[in-house]
Amino acid sequence: MSRRQAARPAGHDDGVRADALARRFTEVYGRAPDGVWRAPGRVNLIGEHTDYNDGYVLPFAIDRSALVAVRLRRPDEVVRDGDGAAAASDVVDLASTYDPDGSGLSRARFRVPGLAPGAVAGWGAYPAGVVHVLGSLDGVEVPGVELLLDSTVPVGAGLSSSHALEVATIVALDDLLGLGLERPAMARLTQRAENEFVGAPTGIMDQSASLLGRAGAALFLDCRTQESELVPLPVAEHGLTVLVVDTGVAHSHADGGYGARRASCERGAAALGVASLRDVPEQADLSALDGETVRRVRHVLSENRRVLEAVERLRAGDVRGVGNLLAASHASLRDDYEVSCPELDLAVDTALAAGAVGARMTGGGFGGSAIALVPAAQGEQVRSAVAEAFAAGGHRAPDVFAVVPGEGAGRVR
Ligand code: GLA
């Protein structure tokens, strides 16, 4: 099964997509949705594997998003099971236009009472996780729901398609149930959905970018305090483009590699007698640690420094100046954190050789995407160099496309 989403043009008008999705919803469920909400994917400019170490990150929301059309079931609604028997109105129906094997809509159904981790598999676990954590809040009762998803965030590309779905679901339910949740609280709740329900031990960066991102800016986030600042990222004004190279190599944060890195960091922090690697001083003596832990710790400490440096440069209006920090970040992720792979290294090296001012893997690694900060005039040159290098290396053709820092999540209609 191909993990790729059918390519849709990035920047495809969200209002047009939302109208189409509402019409489709009515066809699928026989009634109009209460509304349509969107949540973007993200690119992490810099600050990788620092979020779960209480560190700094600098991601931005991209112009590709998950849209969800949602209708709350009314209390007196009678829902028919597959065999025609009447069930209660606490049934959640999920459907997605993502159709990798051409079998039509992908669907899932569950009941809200007793919903527990493991009850819903595949993509449905993300909205189910959100229903689960909201239901655990004092005084919140989540009714049955009908939901239809459509997303332009490629699946499995390391651009947070799953977090976009979680965030779209929580902003929709927050609105419809009148919960009045603040955005940082929504970030924590969707992180809980991911950790406790989906079972992926991820940090708080991706949801925060999707919830708090703004057009033309990157989100400087302190993952310990959740304090954040929008830092201008005027790439186009500086004659630059951000290219994403989706290697097509699948990755999953529920697999062992991500959790193993996280565990190494926790061991390192414990051995150094601190609560998290954020608390390790610059000149700390790492000699008591084993070689592998030293490399992991060294990456986290140096990456936090690079984020702060990148923020300084952007505040000073020096967008190009971020380039060499991206390259240094990639080297550290490749050599010290060991989460890159041959395709990501090839994408980065080729982009740099073809004129990118900076390039690095983005997201958790072990596959997924690289980004390159490229002078707009050299965009085509970089694209074709990467395509040729992948063909020459016997790798599957990568998907290369431009992204711009876009708006965070919200209601579309
Ligand atoms: C994934 C996780 C994030 C973060 C990155 C690595 O995207 O979801 O929380 O840990 O990997 O920086």
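What counts and what doesn't
Residues numbered from 1 in each chain as written. Predicted model: local features only at pLDDT ≥ 70, side-chain atom pairs only at ≥ 80, totals over all residues. Heavy atoms only, no water. Axes fitted to C-alpha atoms, helices over the stretch in contact; angles between N-to-C directions. Helix = DSSP H or I, 4+ residues; strand = E, 2+ residues; numbered from the N terminus. Parallel < 35°, antiparallel > 145°, perpendicular 65-115°, else oblique. Left-handed = near helix turned anticlockwise from the far one by under 90°. Contact = heavy atoms within 4.5 Å. Near = heavy atom within 4 Å. Polar contact = N/O pair within 3.5 Å; in protein donor to acceptor, adjacent residues only side chain to side chain. Areas by Shrake-Rupley, 256 points an atom, 1.4 Å probe, with all protein chains shown as cover. Nonpolar A, V, L, I, M, F, W, Y, C, P; charged D, E, K, R; others polar. Domains from an automatic or database assignment. Buried < 20%, exposed > 50% of the residue type's maximum accessible area, 1.4 Å probe, protein only. Phe/Tyr/Trp six-rings, centres within 6.5 Å; stacked < 30°, edge-to-face > 60°. Disulfide = S-S within 2.5 Å.

Student: What exactly am I supposed to notice about the packing of helix α8 (residues 323-335) against helix α9 (residues 342-353) here?
Tutor: The packing of two helices is summarised by the inter-axis angle and the distance between the axes. With their axes 11 Å apart at the nearest point, α8 and α9 run at an angle of 155° to one another. It follows that α8 is roughly antiparallel to α9 by the angle criterion. You can see that α8 and α9 cross each other, and the crossing is left-handed. When α8 is examined against α9, the residues A327, H330 and R334 are found in contact with a partner set consisting of L344, D345, V348 and L352.

Student: Please explain the site of the ligand as it appears in this structure.
Tutor: The immediate surroundings of the ligand are formed by 13 residues, with E48, H49, D51, D206 and Y258 found nearest. D51 is positioned with one of its side-chain polar atoms (N or O) 2.5 Å from an oxygen atom of the ligand. Here Y258 contributes a side-chain N or O atom positioned 2.5 Å from an oxygen atom of the ligand. With the chains in place, 99% of the 310 Å² that the ligand exposes on its own is no longer accessible. Here the residues of the shell around the ligand sort into three nonpolar, six polar and four charged. Both domain 1 (3-232 + 407-411) and domain 2 (236-403) contribute no fewer than three residues apiece to the shell around the ligand.

Student: Help me out: how do you make sense of unusual backbone geometry in this one?
Tutor: For residues that are not glycine, phi is negative in most cases, and the peptide bond is trans in most cases. Positive phi, close to 65°, is recorded for S160, a residue that is not glycine. Overall, S160 belongs to the buried group, its relative accessible area being 8%. In the Ramachandran plot, F366 falls in the positive-phi region, its phi being about 60° despite a non-glycine side chain. Within the secondary structure, F366 is located in the loop between β11 (358-362) and β12 (369-375).

Student: Teacher, can you tell me more about the packing of aromatic side chains here?
Tutor: Summed over the entire model, instances satisfying the criterion amount to three aromatic pairs. Considering the side-chain rings of F25 and Y29, the 4.7 Å spacing of their centres and the 55° angle between planes classify their relative orientation as tilted. Placement of both F25 and Y29 in helix α1 (residues 14-29) is noted, with a separation of four residues, approximately one turn of the helix. One exposure class covers both F25 and Y29, and it is buried. Between Y56 and F220, the ring centres sit 5.8 Å apart and the planes meet at 40°, which makes this aromatic pair tilted.

Student: Looking at this structure, how should I read the state of the cysteines?
Tutor: Any covalent bond linking the sulfur atoms of two cysteines counts as a disulfide. In total, this model carries zero disulfides according to the counting rule given. Unpaired in this structure, C223 has its nearest cysteine sulfur neighbour in C265, at a distance of 13 Å. With a relative accessible area of 9%, C223 lands in the buried category. Cysteine C341 shares no disulfide, and the gap to the nearest cysteine sulfur, in C265, comes to 19 Å. Taking relative accessible area as the criterion, C341 reaches 12% and is therefore assigned buried.

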